[in-house]
Structures are given as C-alpha cells and as structure tokens.
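Understanding the architecture of this molecule
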Amino acid sequence: MIFQFVILLFILALTGYLTTQGIVTASLTLISAVFGSVLALGLFEPAANSIFGKWPDMARGVMFMGIFFIAFSALRIISDMLISKNVVLPLKWDRVVSGVLGFFAAMVIAGTCAIGFYMLPLPTAIIGPANSALSYDRYPNRSGSTFGPANPLWLRPEQLVLAMWDGVGGRSLGGQAVFAHMHPDFARELYGYRNTEELADRHMLPPNLLKVVDLYQVNNAKLLQAWHAPLSAGTTWVIRSAIQHGSHRADASSDSGYLRLTTTEVRIITNRDRQYYPVGFLRHGGLYQRLGVNSALVDDYRHFEGHREVVTNWVFSLKPGERPNYFEVKWTGKANLKGMAPVKVLPSLPLADYPLHKYAKATAAFLVTYKNAKKMTNWKIINDSPA
C-alpha cells in the first residue's frame, strides 16, 4: 500500500499547492504535463534504442521518464518567462477553477510517473515483498488462465493518462493508429512483462533474435480432441517461433544457457485490436501442454543452423473471426503477421530441432503425421523411465 499512499499524497499535495497559485499557473502546469506526457509516449521507443545496447532492461523506462520530465520542466520554465501576470478573479472562483485545473494536472503527472515505474524491471509487487500489506500488486489474485480483477491505483491516474493517449493517437495529433490498437490494456501489458520467472532474467528481447517460422490455424476438431485441450475449432492458432541466444551481452536473449519465459511475456494482437496470451504450447511440436498466467516455460538453447536457438509452438485461443496480426515476446521482440499466409498443415520438425532437455525423464519420443491433416496425431511418450 506504500506506493498507493505515495501517489495519493502527491496528487493531493500538488492539487492543494496549485489551488493557491492562481488560474494561469494551474493551467500552464496542466498544459505542460499533457504535452510532456504525450511527447514521452511518442519518443521513448526510438530514444530507448540509443541506450538499448548498454541497459536493455532499463532503456524504455529511463527514456520515458527522462523525456517527460525534461519536456515538462522546459515548457513550464519557458511559460513562466513569457507570462508574468495572472488572471484576476474573485477569490472564491479563483480557488475553485485553480483547484480543478490543479487536480487534473496532478493526475496527469502522477499517472505518467506511475506508468514510467511500470516500464522499469521491477517485480510485480512494487515496494515491499509479494503478498505483503505494504506492497502494491495490480493483479494480486491471478490464477489459472485469468488475471482476476485489477487493483488500480486510487483515483486511477494511470487510466486517465491511458485514455488521454488513446484520444490523441491517430486523432487530434495525427499518427497512423490509435494507441489502444496496439496496446488494448497497456497497464496489464506492462504488468505481464514484469511477471518474469526470475527477476534477474532479461526483461527485453533484441528484435533481431526473434522470428516467426510458421502460422497455422487449427480447424481440425479431432486434432484438438487429441490434444485434450479446451479449445474451440476454427479459433485456435499455432505460432511457431524461433528465439536465438545471440552472440554477446548486449545482443542476447538470456545470460545463461536457458530461455525462461512466462505466459505473460508472450502476446499477440489480433485484427480486432484485442491482445491474447498463449493458453498452451506444443511440447516437442505435438503434445499439447496447457499454460496459465502464472506458468513458466524453461527451454535449453540448441545449436541449429549456426545459431543457438529455441523453437516453440505457441497455442492461442481466439474469438470467432479473429486472426493474429502482431506477435511479441518480452516487449521488444516483435513480428508483423499481417502479410504472413497461414500454412495448411503445420510442418513436422525432427526431434533434434527442438532443445534436448537433460533434466527430462522421457528418453524417447516420436511423432506420427499424415499428409491428410485430419489424421494428424500427437506425440506419444513411449519410454517414461528415468535416463
């Protein structure tokens, strides 16, 4: 709760201060806060690329906060230099109008700063241990396949800022798309990227290390039944991705020999502007394994075609009429799927193309496939004895 109290006290204190400063000061503070917040939104991603090599996990949060404070401070100082007089109103009306303007200025500043904190590689429980009364966790009751009800900040300043960003993107300030088209729930998205298997894991993935190999829509009800998966035929998609390990510290997807991913670090955006997390993956390409929002996948990197990479078949369950448009891993690993034609049958890969788990119990497995997709079956473990 400490984080909640800090944000609330900041909003109340700044509102009280601006109430006593007059209409012009409150108005200029609000205008400066909105300008700085929108400018930070538009520039933080390209600006983060300049320091991505040195501080990949910190790059976006640091640049976002830096641009916001520099823009806000600069505009506020310049406006004070250019406008030296205040508007004279009866004291009662001056306090009321200044208080309203000051409140919204404080909300924009607090909401923008909160989102900046969400971008940093912090644990899901901010300020305090998990499940502690002192910590702030936006989704404290996540379980199974759902996040559970959100626990937003008091007064919801971050939601005001997100609504403001959606309002200016692609509309009053131009741009190719509304902000919410790519970020339908930005607060939950940022929370998901902080929900790592281990806090020390890399929170970002260099974009050049991710590629989507195949895109496959599952229309075969028998195949879904063989997977024993609670999925609907015609709305299930499989995305086969390959993530390379990289060759050096700045351009690497992991600092160890393992790739660690949680379900919330992998997402897609559909043609209906909705985001989804995977409901499962295909172990060894064919055996369906269900995933929840707290699930984690740990895979070995394997030398393949001159690279060390992990091949994964992610399973997504979408609503009727939807198809994946964008695929993301660890926020910065992105793939545009709009122009990618789905394959009619998901190609089978040799077992050797998947990472070999030294810690796995199974010592042998095989995949039986047919050219006729209706007869495709899943992996069968034939030896479950310890190695």
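In this text, all values refer to a predicted model and were calculated from it rather than measured experimentally. (Residues numbered from 1 in each chain as written. Predicted model: local features only at pLDDT ≥ 70, side-chain atom pairs only at ≥ 80, totals over all residues. Heavy atoms only, no water.)

1. Things to note about the overall build of the chain
Secondary structure summary: the chain contains eight helices and 18 strands in total. The contacts in the chain between residues at least 6 apart in sequence include a share of 73% that link residues at least 24 apart. Carbon and sulfur atoms make up 62% of the accessible area of the chain, which amounts to about 18,500 Å² in all. (Helix = DSSP H or I, 4+ residues; strand = E, 2+ residues; numbered from the N terminus. Contact = heavy atoms within 4.5 Å. Areas by Shrake-Rupley, 256 points an atom, 1.4 Å probe, with all protein chains shown as cover.)

2. Things to note about the sheet that holds strand 15 (residues 324–329)
Strand pairing in a sheet relies on backbone hydrogen bonds. The paired strands run either parallel or antiparallel. Overall, antiparallel pairing links the four strands, which are arranged 9-8-15-16 in an open sheet. The sheet is open, and its two borders are formed by strand 9 (275–276) and strand 16 (333–336), each paired with just one other strand. The pairing of strand 8 (residues 266–270) with strand 9 spans two bridges and is classified as antiparallel. Considered in strand 9, the bridge of I269 is made with Q275. (Pairing = 2+ DSSP bridges.)

3. A look at the confidence of the model for the chain
Confidence in the prediction for the chain averages 85 pLDDT; 87% of positions are at 70 or higher. With pLDDT under 50 throughout, residues 361–387 is counted as low confidence; its partners more than four residues away or in other chains account for 46 contacts. (pLDDT = per-residue confidence, 0-100.)

4. Points about the pairing of strand 4 (residues 236–244)
Remember that side chains alternate between the two faces of the sheet whenever the strand is regular. A large share of strand 4 lies buried, amounting to nine of its nine residues. Burial along strand 4 is two-sided: T236, V238, R240, A242 and Q244 facing one way and W237, I239, S241 and I243 facing the other are all buried. As defined by bridge partners, strand 3 (residues 210–218) adjoins strand 4 across eight bridges and the pair is classed as antiparallel. Bridge pairing in strand 4 places K211 opposite A242. In this structure, strand 4 lies alongside strand 14 (residues 307–317), joined through nine bridges in antiparallel fashion. Within the sheet, the bridge partner assigned to A242 lies in strand 14 and is V311. (Buried < 20%, exposed > 50% of the residue type's maximum accessible area, 1.4 Å probe, protein only.)

5. With respect to helix 5 (residues 157–168)
Here helix 5 spans 17 Å end to end across 12 residues, near enough to the 16 Å set by a 1.5 Å rise per residue. Turning to helix 5, the residues buried within the fold contact helix 1 (2–19), helix 2 (23–48), helix 3 (59–82), helix 4 (91–119), helix 6 (179–182) and helix 7 (186–194). (Expected span 1.5 Å × (residues − 1).)

6. Some details on the packing of helix 3 against helix 4
In contact at an axis separation of 7 Å, helix 3 and helix 4 are set at 160° when each is read in the N-to-C sense. On the basis of their axis angle, the class for helix 3 and helix 4 is roughly antiparallel. Considering only the axes of helix 3 and helix 4, their crossing is left-handed. Across the interface between the two elements, R60, G61, F64, M65, F68, F69 and F72 of helix 3 pack against I109, T112, C113, G116, F117 and M119 of helix 4. The residue makeup of the contact of helix 3 with helix 4, split by class, is nine nonpolar, three polar and one charged. (Axes fitted to C-alpha atoms, helices over the stretch in contact; angles between N-to-C directions. Parallel < 35°, antiparallel > 145°, perpendicular 65-115°, else oblique. Left-handed = near helix turned anticlockwise from the far one by under 90°. Nonpolar A, V, L, I, M, F, W, Y, C, P; charged D, E, K, R; others polar.)

7. Let's talk about the packing of aromatic side chains
For the structure on display, the rule yields 16 aromatic pairs. Here the aromatic rings of F103 and F104 are separated by 5.6 Å at their centres, their planes lie at 75°, and the arrangement is edge-to-face. Aromatic side chains Y139 and F147 sit 4.9 Å apart centroid to centroid with 65° between the ring planes, which places their arrangement in the edge-to-face category. Just as Y139 is buried, F147 falls in that class too. Ring-pair connections join several aromatic residues into one group, and the members of that group are F44, F64, W165, F179 and F186. A cation over a ring is seen here: R60 above W331, with NZ or CZ 4.6 Å from the ring centre. (Phe/Tyr/Trp six-rings, centres within 6.5 Å; stacked < 30°, edge-to-face > 60°. Lys NZ or Arg CZ within 6 Å of the ring centre and 35° of its normal.)

8. A look at the pattern of salt bridges
Any two side chains of opposite charge can pair if their charged atoms end up close together. If you walk through the whole model with that rule in mind, you get 14 salt bridges. With its nearest N and O atoms 2.9 Å apart, the salt bridge here joins E322 to R274. In this pair, E322 sits in the loop between strand 14 and strand 15 while R274 sits in the loop between strand 8 and strand 9, placing the two residues 48 residues apart along the sequence. With a relative accessible area of 4%, E322 lands in the buried category. (Salt bridge = Lys/Arg side-chain N within 4 Å of Asp/Glu carboxyl O.)

9. Some thoughts on the side chain of R60
With respect to the helices, strands and loops of the structure, R60 is situated in helix 3. Within the local environment of R60, its side chain forms a polar contact with the side chain of E45, the two groups lying 2.9 Å apart. (Polar contact = N/O pair within 3.5 Å; in protein donor to acceptor, adjacent residues only side chain to side chain.)

10. Comments concerning the nonpolar core
Core analysis: the biggest nonpolar cluster contains 48 residues, and F3, I115, Y118, M119, W165, F186 and W331 have the highest contact counts within it. Among the secondary structure elements, those contributing two or more residues to this core are helix 1, helix 2, helix 3, helix 4, helix 5 and helix 7. With 11 residues, helix 4 is the largest single contributor of residues to this core. When sequence neighbours within four positions are dropped, the list of residues in contact with I115 reads E158, V161, L162, W165, F186 and L190. Membership of the second largest hydrophobic core comes to 25 residues, among which are I239, I243, F281 and F316. (Core = buried A, V, L, I, M, F, W, Y, C linked by side-chain atoms within 4.5 Å.)

11. With respect to a nonpolar patch on the surface
On the surface, V87, L89, W93, V96, V97, V100 and F104 cluster together into a nonpolar patch covering about 600 Å² of accessible area. Mapped onto the secondary structure, V97 falls in helix 4. Judged by relative accessible area, V97 falls into the partly exposed class, the value being 31%. (Patch = residues over 30% accessible without salt bridge, like charges linked within 9 Å, V, L, I, M, F, W, Y side chains within 5 Å.)

12. A few points about the environment of K338
One can find K338 in the loop between strand 16 and strand 17 (364–366). Separated by 15 residues in sequence, K338 and R323 place their C-alpha atoms 9.1 Å apart. Every residue in contact with K338, bar those within four places of it in the chain, is listed here: R323, N325 and Y326. For K338, the side chain forms a polar contact with the side chain of Y326, separated by 3.4 Å.

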